[in-house]
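Here is how the chains run, residue by residue.
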Amino acid sequence: MAKDKEKKKGKKGAGRTVTNIILVCLIAIALFSAFNLYKIASGYLESRKISKEATKIAGADDFTGDIDFASLQAMNPEVCGWIYLKDTIINYPIVQTIDNETYLTKRVDGTWGGGGTLFADYRTPRAFLDFNTIVYGHHMKDASMFSPLQKFRDESYGKSHSRFELIIPSGKYHLDVVAYMQIPGDHALYNYYGNSEYYKSYYVDMIRQNATYLTGTEFSTADRLVMLSTCSFEYEDARYVVIGKMVPWTDDEINAMSSKKKK
C-alpha cells in the first residue's frame with residue numbers, strides 16, 4: 001500500500017511538473033508575441049513620425065503643391081518627387097537610388113524601417129522625365145504608404161480619387177488615373193524597354209489589354225506615364241497597380257494654390 005501511495009504521489013508530482021513546464025512555455029510564447037507586437041507597433045509609430053517630419057520639412061502639411069525640395073534633398077539627396085492624393089494618407093516623398101532594394105526597408109531619413117520609402121525604379125534613367133516611371137510602395141497593415149491603392153478595386157472609389165498630384169523639382173503635375181489592375185510581380189509592365197516609339201506603343205497596348213478597369217481618360221505614346229505599384233495578397237507575388245498620365249498644372253492653378261498658401 002505504501003508503495004502504491006508513493007507511485008501515486010510520483011505521478012501527481014510528474015503531472016504537476018509537466019503542467020508547470022507547459023504553463024511556463026505558454027507564458028514565454030505570450031511574452032515573445034507581445035514583444036514582437038510591441039516592436040511592430042513601435043516601428044509603425046516611428047515611421048509615421050518620420051513621415052510627418054518629412055512632410056513638415058517639405059512644407060506639405062497643408063498641400064498646395066509648393067514643395068521645399070532644397071530642404072528635403074539636404075536631408076536626403078535621393079529625393080526626386082512628392083506624391084499626394086486628397087483625402088488619403090498618401091502625402092509622401094519619392095526617392096530614387098541605384099537599385100530597387102535599398103528603400104524597401106530604409107526610411108527617407110536614412111534609418112531602418114519595415115515600411116521603407118516610396119521609390120522610383122532605378123532602371124528609368126530620368127524619373128518622371130522619360131515615357132514611363134514605376135513607383136513602388138509597401139502595402140502596410142496600418143494602412144500607410146501605398147495601401148490605399150487597393151481601394152481602387154472599388155470602381156466608385158476610383159472615380160472619386162481619379163487624380164493624384166505629383167510634384168517634381170522641375171514642375172507640378174496632376175497624375176490623372178487611366179487604368180488600374182492586378183498583375184504578377186514579373187509582368188512585362190515592370191520591364192524597362194527605353195523610349196522608342198515601338199516600345200511606347202507596346203506599353204500602351206499592354207496597359208489596355210491587362211487593365212481591370214480603364215477610366216476613360218485618354219492616354220497615348222505622347223504622354224508621360226507613371227505606374228504606382230504595391231503588394232497584393234491574392235496569390236504569391238501578386239501586385240496591384242494604378243497607372244496615371246502626367247498633366248502639367250496650368251498657370252491659373254499654380255496661382256490659385258499660391259494664393260491659398262498665402263492665406
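Residues numbered from 1 in each chain as written. Predicted model: local features only at pLDDT ≥ 70, side-chain atom pairs only at ≥ 80, totals over all residues. Heavy atoms only, no water.

**Description of the overall build of the protein chain**
Phase 1 of the analysis: Counting its secondary structure elements, the protein chain contains five helices and nine strands.
Phase 2 of the analysis: Written out in order from the N terminus, the α and β elements of the protein chain read α-α-β-β-β-β-α-β-β-α-β-β-β-α.
Phase 3 of the analysis: Out of the 263 residues belonging to the protein chain, those deemed buried represent 43%.
Phase 4 of the analysis: Across the protein chain, contacts joining residues at least 24 apart in sequence account for 60% of those joining residues at least 6 apart.
Phase 5 of the analysis: For the protein chain, the exposed surface amounts to about 14400 Å²; the carbon and sulfur share of it is 57%. (Helix = DSSP H or I, 4+ residues; strand = E, 2+ residues; numbered from the N terminus. Buried < 20%, exposed > 50% of the residue type's maximum accessible area, 1.4 Å probe, protein only. Contact = heavy atoms within 4.5 Å. Areas by Shrake-Rupley, 256 points an atom, 1.4 Å probe, with all protein chains shown as cover.)

**Notes on the packing of aromatic side chains**
Phase 1 of the analysis: This model, assessed by the stated rule, comprises 12 aromatic pairs.
Phase 2 of the analysis: On the basis of an interplanar angle of 85° and a centroid distance of 5.4 Å, the ring pair of Phe 152 and Tyr 157 is categorised as edge-to-face.
Phase 3 of the analysis: A relative accessible area of 0% places Phe 152 in the buried class.
Phase 4 of the analysis: You can call Tyr 157 buried: its relative accessible area is 13%.
Phase 5 of the analysis: Where Tyr 193 meets Tyr 202, the ring centres are 5.5 Å apart and the plane angle is 85°; that geometry is what we call edge-to-face. (Phe/Tyr/Trp six-rings, centres within 6.5 Å; stacked < 30°, edge-to-face > 60°.)

**Structural notes on the layout of surface pockets**
Phase 1 of the analysis: Considering only enclosed or pocket space, the largest pocket measures out at about 300 Å³ in volume.
Phase 2 of the analysis: Along the wall of the largest pocket there are 15 residues; nearest its centre are Tyr 84, Lys 86, Arg 163, Glu 165 and Met 257.
Phase 3 of the analysis: Broken down by element, the residue count for the lining of the largest pocket peaks at three residues, all from helix α5 (residues 251-262).
Phase 4 of the analysis: Residue composition of the lining of the largest pocket, by class: five nonpolar, four polar and six charged. (1 Å grid on protein atoms, 1.4 Å probe; cavity = no way out; pocket = protein on both sides within 12 Å on 5 of 7 lines; lining within 4 Å. Points joined across faces, edges and corners; volume = space filled by probe spheres on them. Nonpolar A, V, L, I, M, F, W, Y, C, P; charged D, E, K, R; others polar.)

**Describing empty space enclosed by the protein**
Phase 1 of the analysis: One pass over the full model with this rule turns up three cavities of 30 Å³ or more.
Phase 2 of the analysis: Approximately 100 Å³ is the volume attributed to the largest cavity.
Phase 3 of the analysis: If you list the elements that add at least two residues to the lining of the largest cavity, you get α1 (2-58) and β2 (91-95).
Phase 4 of the analysis: The greatest single-element share of the lining of the largest cavity, amounting to three residues, is contributed by α1.
Phase 5 of the analysis: Residue classes in the lining of the largest cavity are distributed as six nonpolar, four polar and one charged.
Phase 6 of the analysis: Here the second largest cavity defines a volume of roughly 70 Å³.
Phase 7 of the analysis: The wall of the second largest cavity is formed by 10 residues, among which Ser 47, Arg 48, Asp 142, Ser 144 and Met 145 lie closest to the centre.
Phase 8 of the analysis: Top contributing element to the lining of the second largest cavity by residue count: α1, with four residues.
Phase 9 of the analysis: Its residues assigned to classes, the lining of the second largest cavity shows four nonpolar, four polar and two charged.

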